[in-house]
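# Chain and residue survey
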Amino acid sequence: MSAPARRGLAIIGGGKIGEALLSGLIRRGGPDGILVCERSAARAAELAERYRVPAVDLGEAAVRARVLLLAVKPQDIDALLERLAEHVDEGHLVVSVAAGVPTARLEAALPAGVPVVRVMPNTPALVDEGMSVLSAGAHAGEADLDEAEALLAAVGKVRRVPESQQDAVTALSGSGPAYFFYLVEAMVDAGILLGLPRTLAFDLIVQTALGAAVMMRDSGEHPVQLREAVSSPGGTTIAAIRELEKHGVRAALMAAIEAAHARSVELGRRSDESR
Ligand SMILES: NC(=O)C1=CN([C@@H]2O[C@H](COP(=O)(O)OP(=O)(O)OC[C@H]3O[C@@H](n4cnc5c(N)ncnc54)[C@H](OP(=O)(O)O)[C@@H]3O)[C@@H](O)[C@H]2O)C=CC1
Ligand SMILES: O=C(O)[C@@H]1CCC=N1
């Protein structure tokens, strides 16, 4: 009996981002043609049950799927590539979301000529508001990029950048949702400090964040103009902004994002290099 033709996608690594992408893709197109490969048997069973997709091992994933989406931690990527290499050929498209890991490092561990695309997605893919940023490796052509882009476009916006920008992208949009969640936590705490019930404070801040995000996306105005429009002369907003400036919040954000960038670069080095 001849082997079945390869089609669809295997998500290898069903953790936080693997599941976010899996759920979004299934919401868009249904489970047909999607496989999941997860090293923990319990987690594999959980995902198979929740999303009605087959949980398979690495060998079967490579036999059945054309696109292999690697969603394991950067620290686990070398071990995965070592096992994957014997199953992969030029007919596959390997898409990696591992922070920091350059396409050259992936290509070096795989048979010659295998097309590789590096992607930095983010967790709002869970609600179809993801931001995914793609870069082609040495053997990935326009058609491969188009295929990866079509996949990620199902769960949000997609941009393409030169790979040299991917560590900065990782620090901005890859990690970015966490910064906004952190900011919201702090603002809700401020509401508690002022005596508001937690649920009320949470509702006020989440709707305010959503409204501000839609304005930044749709108004065509710069955030500075939007902020000025909120800041009445002699009013409450400017009193708050002065405190933010006094406490160095802008510099703190820049330093935080610089640290995320540095960590991405560090994660991109092979485990046998200095870390
Ligand atoms: N979380 C995020 O918001 C984002 C993450 N990323 C990137 O995605 C990758 C995964 O991150 P995240 O989802 O947070 O991490 P998780 O630890 O939640 O998920 C990784 C999963 O992969 C499994 N795994 C490890 N090795 C293998 C293997 N050989 N075969 C199958 N499964 C395996 C892990 O199992 P076990 O639990 O046993 O380790 C775990 O379930 C990272 O490289 C990260 O840089 C990119 C963008 C955003
Ligand atoms: O924290 C991390 O390393 C991953 C990469 C981007 C978001 N989460």
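Residues numbered from 1 in each chain as written. Chains lettered and ligands numbered in written order. Predicted model: local features only at pLDDT ≥ 70, side-chain atom pairs only at ≥ 80, totals over all residues.

Now for the domain arrangement of the protein chain. In terms of domains, the protein chain is made up of domain 1 (9-166) and domain 2 (176-266). Inter-centroid distance (C-alpha atoms) of domain 1 to domain 2 is 33 Å. With 5 residues of domain 1 in contact, the opposing surface of domain 2 contributes 5 residues. Counted by class, the side of domain 1 that touches domain 2 contains 2 nonpolar, 3 polar and no charged residues. (Domains from an automatic or database assignment. Contact = placed C-beta atoms within 7 Å. Nonpolar A, V, L, I, M, F, W, Y, C, P; charged D, E, K, R; others polar.)

Looking now at the site of ligand 1. Neighbouring residues of ligand 1: 26 residues in total, closest Gly13, Gly15, Lys16, Ala98 and Ala99. Per element, the largest residue contribution to the shell around ligand 1 is 3 residues, and it comes from helix H1 (residues 16-29). (Near = placed C-beta within 6 Å. Helix = DSSP H or I, 4+ residues; strand = E, 2+ residues; numbered from the N terminus.)

This brings us to the UniProt feature "domain: Pyrroline-5-carboxylate reductase catalytic N-terminal" (unreviewed entry) in the protein chain. The residues that UniProt annotates with the feature "domain: Pyrroline-5-carboxylate reductase catalytic N-terminal" (unreviewed entry) are residues 9-100. Counted over residues 9-100, helix gives 43% and strand 17%. Its end C-alpha atoms are 23 Å apart. (UniProt positions renumbered as here; feature names shortened; annotations may be inferred.)

Around ligand 2, the neighbouring residues are Ala99, Thr170, Gly174 and Ser175. Here the residues of the shell around ligand 2 are counted per class, giving 1 nonpolar, 3 polar and no charged.

When the UniProt feature table is mapped onto this chain, "domain: Pyrroline-5-carboxylate reductase dimerisation" (unreviewed entry) is found at residues 163-267. The straight-line gap between the two end C-alpha atoms of residues 163-267 is 15 Å; of that span, 82% is helix and 0% is strand.

Turning next to the sheet that holds strand E2 (residues 34-37). In spatial order, the strands read E2-E1-E3-E4-E5-E6-E7; together these 7 strands make up an open sheet with mixed pairing. Each edge of the open sheet is held by one strand with a lone partner, namely E2 and strand E7 (156-160). For this sheet, the mean inter-axis angle between neighbouring strands, taken without regard to orientation, is 25°. The pairing of strand E6 (residues 130-136) with E7 spans 5 bridges and is parallel. Residue pairing across strands places Ser132 opposite Val158, the latter belonging to E7. Across the sheet, helix H7 (residues 166-174) lies against strand E5 (116-120) and E6, angled at about 35° from E5, the strand it touches most. (Pairing = 2+ DSSP bridges. Axes fitted to C-alpha atoms, helices over the stretch in contact; angles between N-to-C directions.)

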